[in-house]
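Working through the structure, step by step
Listed below, chain by chain, are the residues.
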Amino acid sequence: MTRRRWTHRRPTAAAAAVVMVVVYFLLPIDALGPRRVTLSWTVLVATLTAVAALLLRQIRNVVTERPGTRPGIFIALLTLVTALVFSAAYHALAQQPGEFNGISTRLDALYFTVVTLATVGYGDIVPTGQTARGLTLVQIVYSFVFLTAAASAMSQRLHKQLLRRTRRADGGADDTLPGEPDDSPGDDPGDGPGGAAGGNGER
(Lines give C-alpha, C1' and ligand atoms only; values in the text may rest on other atoms or scores of the structure.)
Protein backbone atom coordinates (compact mmCIF):
# COMPACT_ATOMS: atom_id res chain seq x y z
CA MET A 1 0.00 0.00 0.00
CA THR A 2 2.80 2.40 0.86
CA ARG A 3 4.71 1.59 -2.32
CA ARG A 4 1.56 2.17 -4.40
CA ARG A 5 1.03 5.59 -2.82
CA TRP A 6 4.67 6.48 -3.46
CA THR A 7 4.38 5.52 -7.14
CA HIS A 8 1.31 7.73 -7.49
CA ARG A 9 2.99 10.68 -5.79
CA ARG A 10 6.09 10.68 -7.96
CA PRO A 11 4.29 11.59 -11.22
CA THR A 12 2.11 14.02 -9.28
CA ALA A 13 5.19 15.83 -7.94
CA ALA A 14 6.77 15.85 -11.41
CA ALA A 15 3.57 17.28 -12.90
CA ALA A 16 3.47 19.96 -10.19
CA ALA A 17 7.06 20.93 -11.01
CA VAL A 18 6.25 21.21 -14.72
CA VAL A 19 3.19 23.35 -13.95
CA MET A 20 5.29 25.68 -11.78
CA VAL A 21 7.85 26.20 -14.55
CA VAL A 22 5.11 26.81 -17.13
CA VAL A 23 3.40 29.33 -14.81
CA TYR A 24 6.74 31.11 -14.35
CA PHE A 25 7.05 31.63 -18.11
CA LEU A 26 3.40 32.77 -18.43
CA LEU A 27 3.01 35.09 -15.44
CA PRO A 28 2.87 38.82 -16.24
CA ILE A 29 6.18 39.54 -14.49
CA ASP A 30 6.77 42.51 -16.78
CA ALA A 31 3.99 44.32 -14.93
CA LEU A 32 6.25 44.41 -11.87
CA GLY A 33 9.70 45.93 -11.58
CA PRO A 34 10.62 49.63 -11.64
CA ARG A 35 7.07 50.74 -12.46
CA ARG A 36 5.60 49.14 -9.33
CA VAL A 37 8.45 49.05 -6.85
CA THR A 38 6.37 48.80 -3.66
CA LEU A 39 4.15 46.04 -5.03
CA SER A 40 7.15 44.13 -6.37
CA TRP A 41 9.02 44.09 -3.06
CA THR A 42 5.84 43.28 -1.12
CA VAL A 43 5.10 40.25 -3.30
CA LEU A 44 8.73 39.09 -3.10
CA VAL A 45 9.01 39.38 0.69
CA ALA A 46 5.60 37.79 1.30
CA THR A 47 6.34 34.85 -1.02
CA LEU A 48 9.81 34.18 0.42
CA THR A 49 8.41 34.36 3.96
CA ALA A 50 5.69 31.83 3.12
CA VAL A 51 8.19 29.48 1.46
CA ALA A 52 10.56 29.76 4.46
CA ALA A 53 7.70 28.88 6.84
CA LEU A 54 6.79 25.84 4.74
CA LEU A 55 10.42 24.74 4.59
CA LEU A 56 10.76 24.99 8.38
CA ARG A 57 7.62 22.90 8.75
CA GLN A 58 9.04 20.19 6.49
CA ILE A 59 12.35 20.29 8.39
CA ARG A 60 10.39 19.75 11.60
CA ASN A 61 8.64 16.75 9.99
CA VAL A 62 12.04 15.31 9.08
CA VAL A 63 13.57 15.83 12.51
CA THR A 64 10.56 14.45 14.40
CA GLU A 65 10.08 11.67 11.82
CA ARG A 66 6.40 12.47 11.69
CA PRO A 67 4.54 9.51 10.14
CA GLY A 68 2.44 9.92 7.03
CA THR A 69 4.49 12.80 5.60
CA ARG A 70 6.67 13.00 2.50
CA PRO A 71 9.03 15.90 3.28
CA GLY A 72 11.44 14.96 0.52
CA ILE A 73 8.87 15.70 -2.19
CA PHE A 74 7.74 18.96 -0.60
CA ILE A 75 11.29 20.17 0.03
CA ALA A 76 12.18 19.54 -3.61
CA LEU A 77 9.10 21.46 -4.79
CA LEU A 78 9.76 24.32 -2.36
CA THR A 79 13.33 24.53 -3.61
CA LEU A 80 11.96 24.89 -7.14
CA VAL A 81 9.53 27.56 -5.96
CA THR A 82 12.42 29.46 -4.35
CA ALA A 83 14.40 29.38 -7.60
CA LEU A 84 11.41 30.56 -9.64
CA VAL A 85 10.62 33.39 -7.22
CA PHE A 86 14.17 34.74 -7.39
CA SER A 87 14.17 34.28 -11.17
CA ALA A 88 11.00 36.36 -11.45
CA ALA A 89 12.54 39.03 -9.22
CA TYR A 90 15.71 39.15 -11.31
CA HIS A 91 13.74 39.39 -14.55
CA ALA A 92 11.58 42.21 -13.17
CA LEU A 93 14.62 44.05 -11.81
CA ALA A 94 16.51 43.67 -15.09
CA GLN A 95 13.96 46.00 -16.71
CA GLN A 96 15.67 48.84 -14.88
CA PRO A 97 18.78 49.99 -16.76
CA GLY A 98 22.10 49.46 -15.01
CA GLU A 99 20.98 46.66 -12.69
CA PHE A 100 21.93 43.54 -14.66
CA ASN A 101 24.28 42.85 -17.51
CA GLY A 102 23.14 39.78 -19.44
CA ILE A 103 19.51 39.24 -18.39
CA SER A 104 17.06 39.90 -21.21
CA THR A 105 14.71 36.90 -21.03
CA ARG A 106 13.08 34.81 -18.33
CA LEU A 107 15.33 31.92 -19.24
CA ASP A 108 18.34 34.18 -18.60
CA ALA A 109 16.95 34.99 -15.15
CA LEU A 110 16.29 31.33 -14.35
CA TYR A 111 19.76 30.40 -15.58
CA PHE A 112 21.36 33.06 -13.37
CA THR A 113 19.32 31.87 -10.35
CA VAL A 114 20.41 28.25 -10.78
CA VAL A 115 24.04 29.26 -11.34
CA THR A 116 23.94 31.38 -8.16
CA LEU A 117 22.23 28.56 -6.24
CA ALA A 118 24.90 26.12 -7.38
CA THR A 119 27.67 28.65 -6.58
CA VAL A 120 29.17 28.09 -10.04
CA GLY A 121 29.63 31.70 -11.09
CA TYR A 122 30.38 31.66 -14.83
CA GLY A 123 30.48 35.44 -14.99
CA ASP A 124 28.41 35.76 -18.16
CA ILE A 125 25.58 37.47 -16.24
CA VAL A 126 26.65 40.15 -13.79
CA PRO A 127 24.59 42.13 -11.27
CA THR A 128 25.95 45.63 -11.78
CA GLY A 129 23.45 47.73 -9.81
CA GLN A 130 23.28 48.03 -6.03
CA THR A 131 19.74 46.63 -5.85
CA ALA A 132 20.66 43.67 -8.07
CA ARG A 133 23.71 42.87 -5.97
CA GLY A 134 21.70 43.17 -2.78
CA LEU A 135 19.04 40.80 -4.12
CA THR A 136 21.73 38.32 -5.18
CA LEU A 137 23.14 38.41 -1.63
CA VAL A 138 19.64 37.79 -0.28
CA GLN A 139 19.34 34.70 -2.47
CA ILE A 140 22.72 33.36 -1.32
CA VAL A 141 21.90 33.86 2.38
CA TYR A 142 18.34 32.54 1.95
CA SER A 143 19.60 29.41 0.18
CA PHE A 144 22.35 28.88 2.75
CA VAL A 145 19.99 29.15 5.72
CA PHE A 146 16.82 27.41 4.56
CA LEU A 147 17.70 25.18 1.63
CA THR A 148 20.93 23.91 3.19
CA ALA A 149 19.11 23.17 6.47
CA ALA A 150 16.42 21.26 4.58
CA ALA A 151 19.00 19.31 2.57
CA SER A 152 20.96 18.44 5.75
CA ALA A 153 17.81 17.26 7.51
CA MET A 154 16.87 15.07 4.55
CA SER A 155 20.40 13.68 4.39
CA GLN A 156 20.25 12.68 8.06
CA ARG A 157 16.84 11.09 7.55
CA LEU A 158 18.05 9.04 4.57
CA HIS A 159 21.11 7.98 6.58
CA LYS A 160 18.89 6.72 9.42
CA GLN A 161 16.62 4.87 7.00
CA LEU A 162 19.65 3.24 5.38
CA LEU A 163 20.95 2.13 8.79
CA ARG A 164 17.55 0.66 9.69
CA ARG A 165 17.35 -1.27 6.43
CA THR A 166 20.89 -2.55 6.93
CA ARG A 167 20.01 -3.76 10.43
CA ARG A 168 16.92 -5.51 9.10
CA ALA A 169 18.93 -7.15 6.33
CA ASP A 170 21.46 -8.33 8.94
CA GLY A 171 18.67 -9.87 11.00
CA GLY A 172 18.42 -7.17 13.65
CA ALA A 173 15.59 -7.63 16.11
CA ASP A 174 14.65 -3.96 16.26
CA ASP A 175 15.18 -0.63 14.52
CA THR A 176 17.13 1.04 17.33
CA LEU A 177 20.00 3.09 15.95
CA PRO A 178 23.32 3.80 17.68
CA GLY A 179 22.83 6.59 20.18
CA GLU A 180 19.07 5.99 20.52
CA PRO A 181 17.57 4.55 23.74
CA ASP A 182 16.83 0.85 23.62
CA ASP A 183 13.56 -0.01 25.37
CA SER A 184 13.89 -3.77 24.99
CA PRO A 185 12.98 -5.76 28.16
CA GLY A 186 16.43 -7.32 28.43
CA ASP A 187 18.03 -3.94 29.02
CA ASP A 188 15.84 -3.03 32.00
CA PRO A 189 17.94 -3.01 35.17
CA GLY A 190 14.97 -4.43 37.06
CA ASP A 191 14.94 -7.56 34.91
CA GLY A 192 18.60 -8.49 35.52
CA PRO A 193 20.13 -10.45 38.35
CA GLY A 194 20.92 -7.27 40.26
CA GLY A 195 17.54 -5.62 39.64
CA ALA A 196 14.45 -5.41 41.77
CA ALA A 197 13.01 -8.58 40.30
CA GLY A 198 16.05 -10.83 40.56
CA GLY A 199 18.25 -9.14 43.12
CA ASN A 200 16.41 -10.36 46.23
CA GLY A 201 16.56 -14.03 45.30
CA GLU A 202 14.70 -16.79 47.12
CA ARG A 203 15.26 -17.41 50.76
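In short, a report on the structure.

Concerning helix H2 (residues 37–64)
Here H2 is 28 residues long and its end C-alpha atoms lie 41 Å apart, about the 40 Å a rise of 1.5 Å per residue gives. What H2 keeps buried is the set Ser-40, Leu-44, Leu-48, Val-51, Ala-52, Leu-55, Gln-58, Ile-59, Asn-61 and Val-62. Those residues of H2 hidden inside the fold are in contact with helix H3 (71–93) and helix H5 (130–169). One or two positions beyond H2, positive phi appears at Glu-65, with a value near 50°.

Some thoughts on the packing of H3 against helix H4 (residues 106–117)
At a minimum axis distance of 8 Å, the contact between H3 and H4 shows a crossing angle of 125°. By the angle between their directions, the pair H3 and H4 is classed as oblique. Of the two possible hands of crossing, H3 and H4 adopt the one that is right-handed. Across from Ala-83, Leu-84, Phe-86, Ser-87, Tyr-90 and His-91 in H3, the residues of H4 making contact are Arg-106, Ala-109, Leu-110, Phe-112 and Thr-113. Here the residues of the contact of H3 with H4 sort into seven nonpolar, three polar and one charged.

Looking at the environment of Ile-73
Within the fold, Ile-73 resides in helix H3. In sequence terms Ile-73 and Ala-14 are 59 residues apart; their C-alpha atoms lie 9.5 Å from each other.

Cut-offs used in this document
Residues numbered from 1 in each chain as written. Predicted model: local features only at pLDDT ≥ 70, side-chain atom pairs only at ≥ 80, totals over all residues. Heavy atoms only, no water. Helix = DSSP H or I, 4+ residues; strand = E, 2+ residues; numbered from the N terminus. Expected span 1.5 Å × (residues − 1). Buried < 20%, exposed > 50% of the residue type's maximum accessible area, 1.4 Å probe, protein only. Contact = heavy atoms within 4.5 Å. Axes fitted to C-alpha atoms, helices over the stretch in contact; angles between N-to-C directions. Parallel < 35°, antiparallel > 145°, perpendicular 65-115°, else oblique. Left-handed = near helix turned anticlockwise from the far one by under 90°. Nonpolar A, V, L, I, M, F, W, Y, C, P; charged D, E, K, R; others polar.

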